[in-house]
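# A closer look at the structure
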Amino acid sequence: MTVTEDAPAATKEVGKDRRRKEDQRLITGRTKWTDNIQLTGMLHAAMVRSPFAHARITSIDTSEAKAAPNVVAVLTGADLGEGQGVCINAWPITPDQKAPNHLPMPSDRVAFAGEIVAVVIARSAAEARDAAELVDVDYDELPAALDLREAAEDKVLAHPDLGTNKSALWVFDSGQAGTGGDVEEAITKARSDGIVIEREFRQQRLIPAFMEPRSVVVDPTGEQVTMWSATQIPHILRFALAATTGVPESKIRVIAPDVGGGFGGKLQTTPEEWIIWAVARRLGKPVKYTETRSESLMSGHHGRDQWQKLTMAATKDGTLTGFKVELLADLGAYVAIVGGGVPVLGAFMFNAIYKIPAYHFACQTVLTNKTWTDAYRGAGRPEATFGVERMMDELAAELGMDPLELREKNWIKHEEFPFTTVAGLEYDSGNYEAATDKAKEIFGYDELRAEQQRRRDSNDPVQLGIGISTFTEMCGLAPSRVLGSLDYGAGGWEHASVRMLATGTVEVVTGASPHGQGHETAWSQIVADRLGVPFENVEVLHGDTQISHRGLDTYGSRSLVVGGEALIKAADKVVEKARPIAAHLLEASVDDLEFKDGTFNVKGTDKGMGITEVALATFAAHNLPDGVEPSLDSDATYDPVNFSFPHGTHLCAVEIDTETGGLKMRKYTCVDDIGNIVNPLIVAGQVHGGLVQGIAQALWEEAVHDDAGTLVSASFVDYLVPTAADTISFDVAHTTSPSLTNTLGTKGVGEAGTIASTPAVVNAVVDAIRHFGVTDVRMPCTPERIYKAIHARDGGAPTEGAAAAHFDAQDTADRTDGAS
Amino acid sequence: MIPAQFDYVAPSTVEEALAALAEAGDEGKIIAGGQSLLPVLRMRLNAPEKVIDLGRIDALRGVRDDGDAIVIGAMTSHADVLSNALVRDNAFVITKAVEQLADPQVRHRGTFGGALAHADPAGDLGAPALALDAEFVIAGQGGSRTVAADDFFVDLFTTAIEDGEILTEVRIPKRAGWGAHYEKFVRVAHQWPIVAVAAAVKVDGGTISEARVGLTNMGSTPLRARSVEQALVGRPATDEAVRAAAASAGEGTNPPSDLNGDADYRKHLATVLTRRAVLAAAGG
Ligand SMILES: Cc1cc2nc3c(=O)[nH]c(=O)nc-3n(C[C@H](O)[C@H](O)[C@H](O)COP(=O)(O)OP(=O)(O)OC[C@H]3O[C@@H](n4cnc5c(N)ncnc54)[C@H](O)[C@@H]3O)c2cc1C
C-alpha cells in the first residue's frame, strides 16, 4: 500500500491529435499483410476467369495445364462440387426476393465477365499463372443483360432459370406507415397550385479500388483450419464459412491481419475465399491466392449503379410537401452479401434533414450480367444524399430562391430535436443552422455569389458555380432490433474486452476490424482516459477470431460509436472489479473510494492506489477479499440504441472553362458536426479522404462496360482514381452537438465526407452553367459532358458508346510489334 | 501480375544490343524504362522470349551540344531531360511537355527514346518532336541512318524503326529565341493527354514570322498542323488573329473516341488549345 503521488494525467487523451501509432508499420510495410504470409509447403493459386458476360460452359480441358511445370492441381466447379459451399446473401430485402444460387465456381454457366471457371494450384505463383493460360475453356455465348433499364424490362435474362431480372421491390410509404401523408395527394395538389420538380439522375457504377488487392491464405494443417484474408469482416467470414461449408465454427479460425483499405469492397464473402478454402482442405496443404489489380477491378464487387426517378412537390413559397423516390438498382450478376440492402438504406436518407410531410420510396433491384455490386463507402446514403441535394438545388432554381434559404426553410430547426422523420428515424441531435452559418463564413459565400454574378454579367469564358450539400446520414450500424425488422441476417452489436496485465500494461481486444482507420490509436486514447494509464501502455488487438472471438467488424461508420461504446463499458467494468480489491488493500470501505486518473483514492485522505497496482495484486492473488475472483479482465457487448446522425454543410466553388468544359475546383469548405471528437487528426484524415472519394464520383470515376459486357475501365489508366495532385486544400471545420446515444457523445465520420461531397460538386457544376439552360450534367462530370451541356444541352450523354480502353488488347499487341 | 517467362540480357554497347536483337529475331524485344512495355508484359498482351535491356549502355544516355542542334540520347530519362539546360534553352517546348508527362516516378524510369519509339498517339513527346523538326538516329547491323520527324511516325504504335534496329538518339535543331508552349488537356494530373498542342513561334516586332504547331492524340500519329502554321505567318500575335488561324487545327485530323471524349469534341479542343498554345508561345 503506497501513497501515490504520481502527478495525475492532467491532459485528457481524448481530443488530442495523436499521431497514429499503427502508421509506421503500415506505411513502411513492415507488417503482416495477407500476401506476405509464408507457410511451410505453401502452394499458390491462379484463377481462370470467363471473358464473357454470359455464356454456357461447354467444356473445360485442363490436361495441358496439369502437365505444366510444378502444377499440383487444376480444379473446376465440377471437381469441387458441393464441397465448395455457396456465397451468401445475408439480407434478403423482401420475403419473395429472387436470387440466383451463387456457387463460388459454377460448372455450367457464367453470369459475368470475370467469373471464375477453374483454379490452378502450383508451387509458385508464376507457375500457377503460366498454367492458367493453358486451361482451355469452350463457351457458348448467351445474350447478356447489361443495361440496367433494359434489364428491368426482362427482354434478355441474366439468369434464364429465374424467369425475370427483377429481384425484389422494396417499398416504404409514409401514408401506409403512418409517419406522414400520402405522397400522390401531395403531388397532385402541387401540380395545381404549387411546384413539382421531376428529374432522373444516374448514379454511375464505381469500383472501391482499395490499395491492397484482396488476398487469402488457407492453412488446413491444424486442428482449426485457418484462413487469413484481406477482409473487413473476419467474424462474419467465419460465421459464413461455418454456415455454408459444413465445417463446425469451432474448427475455423479467421485472421484479418493488417488490411490495406476496403471502403466496403472488403465486406464481402468472396468466391476466391471459398475456392481457396475448398482447395486447401482438399489438398491438405496451405494455399495462397492474391488477385492482380485487373482481377480486383473486374471481379471485386462494385458500388452505386442506380437510376433515380425523383418527384418533389412544394408550395410556391418553397415549403416541401412531398417527395417520391423510385429507384432501379443494379445488383450485377448475383445478390451479394448485403447487395440488395445497400440501396434500401437510402430509404431512410432521401428525406435527409428536411421536414417532408409525405414520402414514398420504392427500390427495384435488378440482376444483370455485370460484376456484382454491394457496399461502397457510404452504401446507400451517398446515393440518397445526392438525389435529395440535387433536387433541392433544382427546386431553388425553379423558385428563383437562394438554395441555402430554401434548405433553411425546410430543415429541422435545432430546437426541434429529437425529431422523428417521415422515414421513421429519430434524429437525436443536430444544429444545421450553426454548421451552415460557420460554413458560409469560412467559404465567403456572399463574396463568391457576387463574383459569380460579375462573371455572368461580363460573359466571362470562365464561369463560377457554387454547390451546396447540407447532408446528414445514419451510421453506427446498427440497433439489432432495427436490423431484425429489416430481415437483415445478423445483429448490430459490438464487443470489446480489456485485460489488465500484471506488469501494468493493458491489452484491449475489439471486435471491430480496422483496415486503415486508426482504431489502435483511438482505442488507446479512450482506454488511457478511462483507466488512467499511459497511451503507450495500451495495446489494441483485433482481427483474429482466436483473440477477438466476438465481433461484427468494421463498416457503416460503426467502429467508434458502437465498438467504442463497448470498450467504455468493458473498461468501466474493470474499474468496478478493481474497486473492492483496492478497498480491501487500502483497508477502506468501497463507498469511500473514488477513482480518478488511474488511482483509487480514499476520500478525504491522502491514501490511494493505482489501478495497475491493483492489477498486480490481483495477479498475485495473495490478499484478495473473500469471494472475489482473481481477475480484473472484463468484456462488454454493446447493442446501440439508435443510429448516429452526423451532419454538415458542404460548400463547393468550381470554375468552368466554357470553351473546353474544363473544370477547376476553386474552394471547398465543409463544416461537419460529428459530435465530440476523439482524435482530430484521424478525423481530418477521414474527412479529407472521404471528400476526395466523393469528389471522384462527381468528376472522375466510372466503371464502364462495353456492349459485350467487358469492363472497359479495367486499369487505372481508364478508371481515374485521383491523386493528391488533383485536389485542392480543403477548409475543414466542425460544430459540435454531442450525440445523446453514446457515452463519449461521438458520431461516425468514416463515410460523411463521401456522402456529402458528391452533390456539392455536381450542384456547383450545374450552378456554373445553369444560365445556359443546363439542368443536369451526368456523373462523372467530364469536360466533354460539361462542354456539350453548355453548347448542345447534352450533358446527359453516356460515354459507353465510345468505350475504348487505353490498354486495348489489339492495339497494345500492335504497339509492341511496331516499335522494334 | 506476372509476365510470361522470358530471357533477359543487358548488353553494355549498342553493337552487342544489335547482335542480341538479331539473334532473337521475332522473339526479341527491347526494354528501355519499361514504363510502357512492362504493363503490356504483365497483362500478358505480349510475350517475347528475349528482353534486351538498354539500361546499361551509357553511350545512349545524356544530352549534348552539337553546334546547330542538341542531341538527346535515347536512354535519357524524362527527369534528366526535364532538368537539362540545353533542352530548356534550345527546345523549350520539350521541357514544357516533359514537365507534364506522367508523374515523378514514371519520369525517373521512362526514357525519351522509349517514349518516342513506343509511339503512343497519346504520348506527349511526338508533337514537340514534329514541331521542332527532330531527326531520329536509328542504328542497325549495317550502320546508322537518320529519319526526319515527318517520316518517323508511321501509325498507331508504329515507327520507322525496323525489326532489328535501335533508336540511339534524337537530334533537335536549335531554336534559340523562339517562344514555345505545350498546352495539355487532361482530366486528372497524371494522365495521357486527351488532346495536346505543342507550339513554337518566332515573333518579330509583334508579327509572327515563323510558327510550328504539333498536335497530340488527334490521329493515329502525332500531327503537324500545317494549315495553322501557314495561317499564322505574317499575322500579328493578337488573340483575334491567332483565333482565326487556329480555327483550322482540327481539319484533316482523325482523333479517337474514348471515355474522355469523342472525335468531334477533340477537334473542338484542338482549336482552343492551339490558340492558347500559340498565344502563350508568342507572349513568352
Ligand atoms: C503511370 C504512367 C503514366 C504515363 N503517363 C504518360 C503521359 O502522360 N504522357 C506520355 O507521353 N507518356 C506517359 N507514360 C509513358 C511513359 O512516357 C513511358 O516512359 C514511355 O511511353 C515509354 O518509355 P520507356 O523508356 O519506359 O520504354 P519501354 O516501356 O521500355 O519501351 C516501350 C516500347 O518502345 C520500345 N523501345 C524502347 N526504347 C527503344 C529504342 N531505343 N529503340 C527501339 N525501340 C525501343 C520497346 O521495345 C517497347 O516496345 C506513362 C506511363 C505510365 C506507367
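Residues numbered from 1 in each chain as written. Chains lettered and ligands numbered in written order. Predicted model: local features only at pLDDT ≥ 70, side-chain atom pairs only at ≥ 80, totals over all residues. Heavy atoms only, no water.

## Structural notes on the packing of aromatic side chains
Residues and elements named next belong to chain A. One pass over the full model with this rule turns up 18 aromatic pairs over all chains. Each ring, one from Phe 52 and one from Tyr 139, has its centre 5.2 Å from the other, and the planes form 70°; the classification is edge-to-face. One end of the pair, Phe 52, is in the loop between β1 (43–49) and β2 (55–61); the other, Tyr 139, is in strand β6 (residues 136–141), with 87 residues separating them in the sequence. Residue classification places Phe 52 among the partly exposed residues on the basis of a relative accessible area of 27%. Classification of Tyr 139 as buried rests on a relative accessible area of 18%. Geometrically, the ring pair formed by Phe 201 and Phe 386 is edge-to-face, given 5.6 Å between the ring centres and 80° between the ring planes. (Phe/Tyr/Trp six-rings, centres within 6.5 Å; stacked < 30°, edge-to-face > 60°. Helix = DSSP H or I, 4+ residues; strand = E, 2+ residues; numbered from the N terminus. Buried < 20%, exposed > 50% of the residue type's maximum accessible area, 1.4 Å probe, protein only.)

## A look at the site of the ligand
Of all residues adjacent to the ligand, which total 30 residues, the nearest are Ile30(B), Gly34(B), Leu37(B), Thr111(B) and Asp124(B). Positioned at a junction of chains, the ligand has nearby residues supplied by chains A and B. In the model, an oxygen atom of the ligand is placed 2.7 Å from a nitrogen or oxygen of the Gln35(B) main chain. Within the backbone of Gln191(B), an N or O atom sits 3.1 Å from an oxygen atom of the ligand. Out of a free accessible area of 960 Å², the ligand has 93% covered by protein chains. At the level of elements, β2 (28–31), α7 (112–118) and β10 (166–173) of chain B are the ones that each hand at least two residues to the shell around the ligand. Counting residues per element, the shell around the ligand draws most heavily on α7(B), at 4 residues. Here the residues of the shell around the ligand sort into 16 nonpolar, 11 polar and 3 charged. (Near = heavy atom within 4 Å. Polar contact = N/O pair within 3.5 Å; in protein donor to acceptor, adjacent residues only side chain to side chain. Areas by Shrake-Rupley, 256 points an atom, 1.4 Å probe, with all protein chains shown as cover. Nonpolar A, V, L, I, M, F, W, Y, C, P; charged D, E, K, R; others polar.)

## Notes on the pattern of salt bridges
Residue and element names in this part refer to chain A. Tallying each qualifying case throughout the model produces 81 salt bridges over all chains. Residue Glu 784 pairs with Lys 788 through a salt bridge whose shortest N-O separation is 3.0 Å. Placement of the pair is Glu 784 and Lys 788 together in helix α22 (residues 783–792), with a separation of 4 residues, close to one helical turn. By relative accessible area, Glu 784 is classed as buried at 7%. In this structure, a network of salt bridges that share partners links the residues Glu 451, Arg 455, Asp 460, Glu 655, Lys 664 and Arg 666. (Salt bridge = Lys/Arg side-chain N within 4 Å of Asp/Glu carboxyl O.)

## Regarding the side chain of Thr244(A)
Considering the arrangement of structural elements, one finds Thr244(A) in helix α8 (residues 234–245). When neighbours within four sequence positions are excluded, Thr244(A) is seen to be in contact with Gly85(A), Val86(A), Ile88(A) and Trp274(A). (Contact = heavy atoms within 4.5 Å.)

## Observations regarding the nonpolar core
All names here are of chain A. Ranked by internal contacts, the top residues of the largest apolar core, which has 100 residues, are Phe 323, Phe 361 and Tyr 668. When residues are assigned to domains, this core turns out to be shared by domain 1 (34–142 + 211–261 + 266–299) and domain 2 (168–206 + 301–477 + 642–791), each giving three or more. Counting 43 residues, the second largest nonpolar core, distinct from the first, contains Met 500, Ala 571, Val 602 and Ile 611. (Core = buried A, V, L, I, M, F, W, Y, C linked by side-chain atoms within 4.5 Å. Domains from an automatic or database assignment.)

## Here we look at the interface of chain A and chain B
Facing 46 residues of chain A, the contacting portion of chain B comprises 48 residues. A buried area of about 3700 Å², summed over both sides, lies between chain A and chain B, and 60% of it is on carbon and sulfur atoms. Inspection of the chain A/chain B interface yields 7 salt bridges. A salt bridge links Asp130(A) to Arg44(B), with the shortest nitrogen-to-oxygen separation between them at 2.7 Å. In this assembly, chain A and chain B are joined by 12 residue pairs in polar contact (both at pLDDT 80 or more). Looking at the side of chain A that touches chain B, the elements that each hand over two or more residues are α4 (125–132), α10 (293–299), α22 and α23 (809–818) of chain A. Partitioned by chemical class, the residues of the side of chain A that touches chain B number 19 nonpolar, 13 polar and 14 charged. (Buried area = accessible area lost by both parts, 1.4 Å probe.)

## Regarding unusual backbone geometry
With omega at -10°, the peptide bond leading from Phe417(A) into Pro418(A) counts as cis. When you line up the elements, Pro418(A) lands in the loop between α13 (403–410) and β16 (419–420). The residue after Leu477(A), namely Ala478(A), is reached through a cis peptide bond having omega -10°. Position of Ala478(A) among the secondary structure elements: in the loop between β18 (462–472) and α16 (480–485). Of note in this structure, Arg304(A) is not a glycine but carries a positive phi near 60°. With respect to the helices and strands, the residue Arg304(A) is situated in strand β13 (residues 303–314). Within the chain, Phe157(B) stands out as a residue other than glycine whose phi angle is a positive 55°. Positionally, Phe157(B) belongs in the loop between β8 (153–155) and β9 (158–159). Residue Phe157(B) is classed as buried on the basis of its relative accessible area of 4%.

## Brief notes about helix α12 (residues 381–399) of chain A
Residue pairs three or four apart in sequence face the same way in an α-helix, which turns once every 3.6 residues. Here α12(A) spans 27 Å end to end across 19 residues, near enough to the 27 Å set by a 1.5 Å rise per residue. Trailing α12(A) by a residue or two, Gly400(A) shows a phi angle of about 70°, which is positive. (Expected span 1.5 Å × (residues − 1).)

## Let's talk about the environment of Tyr555(A)
Residue and element names in this part refer to chain A. Among the structural elements, Tyr 555 can be located in the loop between β21 (538–542) and α18 (559–586). Residue class for Tyr 555 comes out buried when judged on its relative accessible area of 13%. Each C-alpha atom of the pair Tyr 555 and Leu 331 lies 19 Å from the other, and the pair is 224 residues apart in sequence. With sequence-adjacent residues up to four places away left out, Tyr 555 is seen in contact with Gln 232, Ile 233, Ile 236, Leu 267, Leu 477 and Tyr 488. For Tyr 555, the side chain forms a polar contact with the main-chain oxygen of Leu 552, separated by 2.7 Å.

## Looking at the sheet that holds β18(A)
Residue and element names in this part refer to chain A. In spatial order, the strands read β18-β26-β27-β28; together these 4 strands make up an open sheet with mixed pairing. The sheet is open, and its two borders are formed by β18 and β28 (731–735), each paired with just one other strand. Ignoring which end each strand starts from, the neighbouring axes of this sheet average 15° apart. Inspection of the sheet shows strand β27 (residues 662–673) paired to β28 by 5 bridges, in the parallel sense. Bridge assignment links Val 671 to a residue of β28, and that residue is Ala 733. (Pairing = 2+ DSSP bridges. Axes fitted to C-alpha atoms, helices over the stretch in contact; angles between N-to-C directions.)

## Here we look at the confidence of the model for chain B
Per-residue pLDDT for chain B has a mean of 96; in total, 100% of the residues score no lower than 70. Taken over the whole predicted complex, pTM reads 0.95, whereas the ipTM for its chain interfaces reads 0.96. (pLDDT = per-residue confidence, 0-100.)

## Considering the domain arrangement of chain B
Residue and element names in this part refer to chain B. Domain assignment breaks chain B into domain 1 (7–53), domain 2 (58–173) and domain 3 (179–281). For domain 2 and domain 3, the distance between their C-alpha centroids amounts to 21 Å. At the interface, 25 residues of domain 2 touch 23 residues of domain 3. Roughly 1900 Å² of surface becomes buried between domain 2 and domain 3 when both sides are summed, with 60% attributable to carbon and sulfur atoms. Considering only the side of domain 2, the residues that lose the most area to domain 3 are Gln 100, Pro 121 and Ala 131, jointly responsible for 24% of the buried surface there. Connecting domain 2 to domain 3 are 4 salt bridges. When the shortest N-O distance is used, the salt bridge between Arg 224 and Asp 133 registers 3.4 Å. On the surface where domain 2 and domain 3 come into contact, there are 11 residue pairs in polar contact (both at pLDDT 80 or more). Only α5 (92–99), α8 (126–131) and β8 provide two or more residues apiece to the side of domain 2 that touches domain 3.

## With respect to the domain arrangement of chain A
All names here are of chain A. Taken domain by domain, chain A consists of domain 1 (34–142 + 211–261 + 266–299), domain 2 (168–206 + 301–477 + 642–791) and domain 3 (493–638). One C-alpha centre belongs to domain 1, the other to domain 3, and the line joining them spans 40 Å. Contacts between the two partners involve 17 residues from domain 1, matched on the other side by 18 residues from domain 3. The contact between domain 1 and domain 3 buries some 1300 Å² in all, and 47% of this surface belongs to carbon and sulfur atoms. Among the residues domain 1 hides against domain 3, the three largest losses belong to Gln 232, His 235 and Arg 253. Together they make up 44% of the total. Seen at the junction of domain 1 and domain 3, the total is 1 salt bridge. A salt bridge links Asp 544 to Arg 253, with the nearest nitrogen and oxygen atoms 2.7 Å apart. The tally of links from domain 1 across to domain 3 stands at 11 residue pairs in polar contact (both at pLDDT 80 or more). Elements supplying a minimum of two residues to the side of domain 1 that touches domain 3: α8 and β11 (252–255). For the side of domain 1 that touches domain 3, a count of residues per class yields 9 nonpolar, 5 polar and 3 charged.

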